Structures are given as C-alpha cells and as structure tokens.
Amino acid sequence: MASKFQSRLRILGVLAILGVALFSLKPVGELRKAELLRNPNVHRLKKSKQNGSHPVIQAVPEKADLEMTFAVFNEVPVKIYAPAGHKSKKSLLPAIVFFHGGGWINGSVESYDRYTKKMAMDTKFIVISVEYRLAPKHPFPTPLDDCHKAVMFIFKHAKDLGVNASKVILLGNSAGGNLAAAVSQRMKGLKPPLLAQILIYPVLQSLNFHLPSYAAEKGSAEWMIRMFLPYVTGSITSSLVDAMVLGAHVSDKAHQLYSMYVDFHKLPESFRKGYVPPPRFRKDPPAALLLEPFITNPEINPLISIDLKGLPETLVLTCGLDPLRDDGALYAVRLKEAGVPVRHMHYEGFRHTGCCSGEHARSKTLESLMTPEILKFIRRLLSGRKRFW
C-alpha cells in the first residue's frame with residue numbers, strides 16, 4: 001500500500017528531496033547547533049557530525065541580481081532570497097513568506113527553489129521560504145507552529161532583515177496553502193496586519209471528501225486522506241482510511257455544526273453541474289470519536305472557522321481537474337460573505353500537479369498562467385489603487 005501511495009504522489013509531482021538550512025541574526029560564534037560552511041559552491045545540505053541530527057549552515061552561490069542566505073528564525077530553518085545590495089540601500093522591502101506544498105509529508109525549501117527564486121526576481125521583494133518540519137515524524141501542530149514562529153520572527157526583526165513589516169504577504173500551495181490560511185487566521189488582530197494571503201489550490205477541510213471536485217477525480221479522496229492522517233495522527237490505519245473514504249468519520253454533532261461551511265450548493269453552478277451528492281453513510285463511532293478533534297479544528301480546516309472577519313486581502317487560485325478545487329472555491333465564498341476582499345482565479349483543464357515545483361511542461365504552463373495574476377494582485381495591493389473585484 002505504501003508503494004502505491006508513493007507512486008500516486010510522484011504522478012502528482014509532490015515528492016521532493018528534503019533540504020534544510022540555517023542562519024541567524026546573531027554573530028556566527030553565537031549560533032546554537034550550527035556551524036558556517038565556507039564553501040559557496042556546496043548546494044546540498046549535510047548532517048553535522050558535531051551536532052547530531054541538526055543541519056549545517058551553508059553559504060549559497062549568488063545570482064547576479066539575487067542574494068540567497070540560509071537562516072534560522074525562532075529555531076525554524078528558512079531560505080532568504082533578496083535583491084542584491086538591498087541592505088546597503090537602507091530601504092525596507094515588501095516580503096513574501098512562502099510555505100511549500102507536499103501534503104505536509106513531502107517537499108522542502110530546496111524542492112521549491114526554482115519557484116521562490118523566480119518569485120524574488122519577478123517582484124524584487126524579499127522572499128522567505130520556510131523549512132517547516134514534516135509529518136508523520138512531526139504531526140500537527142508542529143508544521144503550523146513552525147510556520148507561525150517564522151512569520152512572527154520576521155515581524156519582530158523586520159528592520160534587521162530589511163523588511164517593511166506593513167507589507168508582508170503569505171503565499172502557499174496545496175498543504176502550504178493550508179498552512180498560510182491557518183497562520184493568517186492565527187494572526188488576526190496583529191499590528192501591523194498581514195498585507196495579504198495568496199492560496200494556490202489549498203486544502204482547507206477534512207469533513208467532506210465527496211464534494212463535486214473529489215467525485216470527479218476518482219481515487220482522489222483516498223489520496224488526500226493518506227496525507228491528512230499522518231499530518232493529524234502521525235500514522236495511517238486502513239480502518240480510518242476506509243471510514244473517511246465512505247464519509248463515516250463525521251459525528252452527528254460535527255455534521256450539524258460544520259456542514260453549513262462545506263456546502264456544495266454554494267459552489268459556482270458550473271462546478272456542481274451533473275453532481276449528485278451521495279447519501280450520508282452511517283457513522284463509524286470509533287473513527288468519529290478519534291477524528292472529531294481534528295476534523296473540527298479550524299487550524300487544520302481553515303474553511304470551517306466560525307469567524308473569518310478581519311482576515312487580510314486574499315487571492316485564491318484553483319484548478320479544474322483538482323480534488324481540492326471546491327475547498328478553495330468555498331473559502332473564497334466564505335471570505336466574501338465575511339467582508340474580506342477576495343479574488344478567485346480558476347484555471348479549467350489543469351490538474352493538481354505542483355505548479356510551483358515541477359519542471360515538466362504542463363506544470364510550467366500552469367505556472368505561466370498563475371504567476372501574472374499573482375503579480376498583478378500584488379502590484380494592485382502596493383499601488384493603493386481601487387480593487388478590481
């Protein structure tokens with residue numbers, strides 16, 4: 001079963017080689033659990049024999065117009081991409097904080113290096129890619145806590161980093177979109193607030209794996225569940241997978257309280273055309289009891305958060321042949337209902353293929369469509385011009 005699951009992930013383009021790196025604002029001699037490597041041509045991270053499992057800091061070769069630095073923010077590894085010489089100009093730049101996808105169990109800063117590097121070059125912003133810890137070794141809330149801690153560090157040390165704290169944007173794809181949405185919800189009321197969140201085909205709920213987009217993609221529910229369970233429980237059991245595939249994991253109480261937020265009737269008509277919802281299966285009491293704390297937790301399922309008011313301006317991007325399409329679409333509806341400025345861009349005919357990391361032609365085609373919209377959204381935010389949606 002494990003090899004079958006890994007094969008599915010490879011097809012979807014979300015497997016990646018784990019890479020981690022460190023840096024600190026403190027002098028090198030004060031760094032804990034890390035050493036500086038002087039060789040600027042080393043790309044891969046190696047484990048330090050002196051400090052056990054803790055990775056080693058590395059210098060990074062510079063692009064002509066880009067400076068790249070490995071760092072650690074509140075004990076969370078990150079990679080920083082910045083315009084060359086930005087600190088000498090003593091100007092504070094907007095920042096994009098990126099959380100990579102991979103179903104909470106795969107992916108790394110390095111596997112998304114091409115995308116984050118390009119985003120830094122296109123925007124001339126500081127881009128900070130977060131190396132959060134992965135499940136199943138580090139289940140919820142560790143990945144979310146890592147992302148939150150890194151963002152809080154950026155706000156606290158914004159000037160030292162050359163960042164304008166009033167212009168911080170969160171960006172994430174797939175599971176990274178989930179983390180970006182959850183961090184945004186955690187940070188409501190922060191002064192200064194987040195400028196925006198950009199969610200690329202995010203996964204946002206675990207109550208209903210029978211929405212039209214799941215129904216249209218056969219086998220996709222099990223695919224998603226086999227990543228969700230390691231994230232929330234640290235393991236996979238066939239009984240829980242079977243219960244969730246059937247929709248038998250939702251208690252009567254959870255269904256009554258939260259089904260209104262995962263309502264397919266709120267989807268665009270084109271999304272639900274021809275869709276016939278399945279009958280509700282008899283619940284599996286052990287599965288419902290075990291999973292209820294997770295499937296009803298808005299930090300895992302941002303879509304079901306009761307109060308979305310006060311969230312930052314949002315761009316949601318979805319794909320037509322993606323089981324997560326309806327999660328993003330329903331979140332855009334709920335944000336609009338809560339008075340949050342939101343734009344939903346949809347790309348029919350594309351699959352959930354890891355547009356931010358893949359090197360294959362289909363991935364780059366999707367990215368070439370999404371990136372201009374992301375850049376347009378950012379430019380409008382910073383220009384102060386009236387919203388166009």
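Everything below is about the structure shown above.
Residues numbered from 1 in each chain as written. Predicted model: local features only at pLDDT ≥ 70, side-chain atom pairs only at ≥ 80, totals over all residues. Heavy atoms only, no water.

Things to note about the overall build of the protein
Then, in step 1: Counting its regular elements, the protein contains 13 helices and 10 strands.
Then, in step 2: Looking at the 389 residues of the protein, the share that counts as buried comes to 56%.
Then, in step 3: Nonlocal contacts in the protein, meaning residues at least 24 apart in sequence, comprise 73% of its contacts between residues at least 6 apart.
Then, in step 4: Element-wise, carbon and sulfur atoms account for 55% of the exposed surface of the protein, whose accessible area totals about 17200 Å². (Helix = DSSP H or I, 4+ residues; strand = E, 2+ residues; numbered from the N terminus. Buried < 20%, exposed > 50% of the residue type's maximum accessible area, 1.4 Å probe, protein only. Contact = heavy atoms within 4.5 Å. Areas by Shrake-Rupley, 256 points an atom, 1.4 Å probe, with all protein chains shown as cover.)

Looking at the pairing of strand β9 (residues 313-321)
Look at any regular strand and the pattern is simple: side chains alternate between the two faces of the sheet.
Then, in step 1: Of all nine residues in β9, eight are buried; the element is thus mostly enclosed.
Then, in step 2: Where strand β8 (residues 196-200) meets β9, five bridges bridge the pair, whose relative direction is parallel. Its bridge partner lying in β9, I198 is registered against L315.
Then, in step 3: Relative to strand β10 (residues 342-351), β9 runs parallel, the two sharing seven bridges. Pairing of T314 across the sheet is with V342, part of β10. (Pairing = 2+ DSSP bridges.)

Topic: the sheet that holds strand β5 (residues 93-99)
Then, in step 1: Taken in spatial order, the eight strands make up an open sheet running β3-β4-β6-β5-β7-β8-β9-β10, and their pairing is mixed. Both edges of this open sheet fall to β3 (66-73) and β10, since each of them pairs with a single strand only. When strand polarity is set aside, the average angle formed by the axes of neighbouring strands in this sheet is 20°.
Then, in step 2: Here helix α2 (residues 113-123) sits on the sheet in contact with β3, β4 (76-83), β5, β6 (126-130), β7 (163-173) and β8, set at roughly 40° to β4.
Then, in step 3: Here helix α5 (residues 175-186) sits on the sheet and contacts β5, β7 and β8; the angle it forms with β7, its principal contact strand, is near 140°. (Axes fitted to C-alpha atoms, helices over the stretch in contact; angles between N-to-C directions.)

Here we look at helix α7 (residues 220-233)
Then, in step 1: Helix length check: α7 (14 residues) gives 20 Å between terminal C-alpha atoms against 20 Å at 1.5 Å per residue, within 8%.
Then, in step 2: Extensive coverage of α7 is indicated by the burial of 12 of its 14 residues.
Then, in step 3: Listed as buried for α7 are S220, A221, W223, M224, I225, R226, M227, F228, L229, P230, Y231 and V232.
Then, in step 4: The positive-phi residue at the C-terminal boundary of α7 is G234, with phi of around 85°. (Expected span 1.5 Å × (residues − 1).)

Observations regarding the environment of F140
Then, in step 1: Structurally, F140 is set in the loop between β6 and α3 (142-156).
Then, in step 2: The buried category is assigned to F140, whose relative accessible area is 15%.
Then, in step 3: For the pair F140 and W104, spaced 36 residues apart in sequence, the C-alpha separation works out to 9.2 Å.

Focus: the packing of aromatic side chains
Then, in step 1: Per the stated rule, a full pass over the model turns up seven aromatic pairs.
Then, in step 2: Aromatic side chains F209 and Y214 sit 5.4 Å apart centroid to centroid with 75° between the ring planes, which places their arrangement in the edge-to-face category.
Then, in step 3: Given a relative accessible area of 3%, Y214 falls into the buried group.
Then, in step 4: Each member of the aromatic cluster is reached from another via a ring pair, and the members are F98, Y112 and Y115.
Then, in step 5: Here the basic side chain of R325 rests over the ring of F271, its NZ or CZ set 4.1 Å away from the ring centre. (Phe/Tyr/Trp six-rings, centres within 6.5 Å; stacked < 30°, edge-to-face > 60°. Lys NZ or Arg CZ within 6 Å of the ring centre and 35° of its normal.)

Looking at the packing of α3 against α5
Then, in step 1: Remark: α3 packs on α5, axes separated minimally by 10 Å, with the N-to-C direction vectors making an angle of 60°. Our classification of the angle between α3 and α5 gives oblique. Helix-helix and strand crossings are classified by hand; for α3 and α5 the assignment is right-handed. Every residue of α5 that contacts α3 at P143, L144, D145, C147, H148 and V151 is listed here: L179, A182, V183 and R186.
Then, in step 2: Partitioned by chemical class, the residues of the contact of α3 with α5 number seven nonpolar, one polar and two charged. (Parallel < 35°, antiparallel > 145°, perpendicular 65-115°, else oblique. Left-handed = near helix turned anticlockwise from the far one by under 90°. Nonpolar A, V, L, I, M, F, W, Y, C, P; charged D, E, K, R; others polar.)

With respect to the packing of α7 against helix α11 (residues 285-295)
In a packed pair of helices, the relevant descriptors are the angle between the two axes and the axis-to-axis distance.
Then, in step 1: α11 packs onto α7 with a crossing angle of 85° between their chain directions and a minimal axis gap of 11 Å. Relative to α11, the element α7 is oriented roughly perpendicular. On the side of α7, the interface is formed by F228, L229, V232 and T233, while α11 contributes L291, F294 and I295.

Here we look at the pairing of β8
Then, in step 1: The element β8 is extensively covered by neighbouring structure, given that five of its five residues are classed as buried.
Then, in step 2: Residue alternation in β8 divides its side chains into two sets, A196, I198 and I200 and Q197 and L199, and both sets are buried.
Then, in step 3: A crossover connection joins β7 to the parallel β8 through α5; in handedness this β-α-β unit is right-handed. (Right-handed = clockwise from strand over helix to strand, strands pointing away.)

Structural notes on the pattern of salt bridges
Side chains that carry opposite charge are capable of pairing whenever their charged atoms lie near each other.
Then, in step 1: For the structure on display, the rule yields 15 salt bridges.
Then, in step 2: Between D146 and R133 there is a salt bridge, with its nearest N and O atoms 2.9 Å apart. With D146 in helix α3 and R133 in the loop between β6 and α3, this residue pair connects regions lying 13 residues apart in the sequence.
Then, in step 3: With a relative accessible area of 3%, D146 lands in the buried category.
Then, in step 4: The shortest N-O distance in the salt bridge between E337 and K266 comes to 3.7 Å. Residue E337 is found in helix α12 (residues 325-337), and its partner K266 is found in the loop between α9 (252-258) and α10 (269-272); the two are separated by 71 residues along the sequence. (Salt bridge = Lys/Arg side-chain N within 4 Å of Asp/Glu carboxyl O.)

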